[in-house]
Every structure is written in C-alpha cells, then in structure tokens.
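# Descriptive analysis of the structure
Given next are the chains, with one letter for each unit.
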Amino acid sequence: QVQLVESGGGLVQAGGSLRLSCVFSGRSFSVYNMAWFRQAPGKEHEFVARIMWIDTTTRYVDSVKGRFTISRDNTKNTVYLQMNNLKPEDSAVYYCAATRGSRPTARRDDYEYWGQGTLVSVSS
C-alpha cells in the first residue's frame, strides 16, 4: 500500500515563498515518478510539475517555470515543491501524485496514488 501526505501549505502574500513536502509511505519510493497537481475553486485539476525516478528529469507547466522547483530526497522518501515569487493565481489545493508508469504525461489519469492535498492561499 502507498500513502502520500502533503504539508507546507499556508497563507502568503504575493511575492512570497512556500515549500511543499510530500512524504511517501510504502516500498520502493525511488522507482516512482512523482508529480504535483493543483486545483483552484471552480477549476479543473492542473498539472504543475513532475520529476522522473530514472534521472530526475523535471517538467513544469509554463506558468510556473522559473518560479517553482520540484526535487526529491530518496533518503527521506520525500518530494518537494519550492514555490518562489508566488502569485494570487497560484492559490489552490496542491496534490502530490505518484506512478510506476514509465512514460507519465501531464494527465492526472497517469498517476496511481494521490495525497489529500495542502491548501496554498496567495493574497495580493
């Protein structure tokens, strides 16, 4: 069984920073591809970032490039999302996701396991 637990969300002013954490409970964390998605009120799920297990290759949605950084620490079974220069449009519930799939896309259906989410609120 795999369980993902996010933390680190909160209320921050525009231009501020937050670091989200996702702790992976289960076997063989290092072989999972990990991602962050987000969902704002009244909007669809949106892909944010992904990091591969083979070579830690990363991918980001255009709107967060240069501001967000996804990383992983396999010794702690944890994936992070460092968010800098936050904007009000970044406000959402952020979800951690995991998959053993070898070629995951930005689609939510490609991910097998999900956390419960952590709320990020950015004020103007």
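That block above? That's the structure.
Let us look at the structure shown here. (Residues numbered from 1 in each chain as written. Predicted model: local features only at pLDDT ≥ 70, side-chain atom pairs only at ≥ 80, totals over all residues. Heavy atoms only, no water.)

Within the structure shown, the criterion is met by 1 disulfide. Note on cysteine connectivity: Cys22 is disulfide-linked to Cys96, with sulfurs 2.1 Å apart. Here the S-S torsion is close to -80°, and the disulfide linking Cys22 with Cys96 is therefore left-handed. Placement of Cys22 in strand S3 (residues 18–25) and of Cys96 in strand S9 (residues 92–99) is noted, with a sequence separation of 74 residues between them. Given a relative accessible area of 0%, Cys22 falls into the buried group. (Disulfide = S-S within 2.5 Å. Helix = DSSP H or I, 4+ residues; strand = E, 2+ residues; numbered from the N terminus. Buried < 20%, exposed > 50% of the residue type's maximum accessible area, 1.4 Å probe, protein only.)

Attention shifts here to the environment of Leu119. Residue position: Leu119 is located in strand S11 (residues 118–123). The class for Leu119 is exposed, based on a relative accessible area of 51%. Along the backbone, Leu119 and Arg38 are 81 residues apart, and their C-alpha atoms lie at a distance of 9.3 Å. Ignoring any residue separated from it by four or fewer positions in sequence, one finds Leu119 in contact with Gly9, Gly10, Ala92 and Val93. (Contact = heavy atoms within 4.5 Å.)

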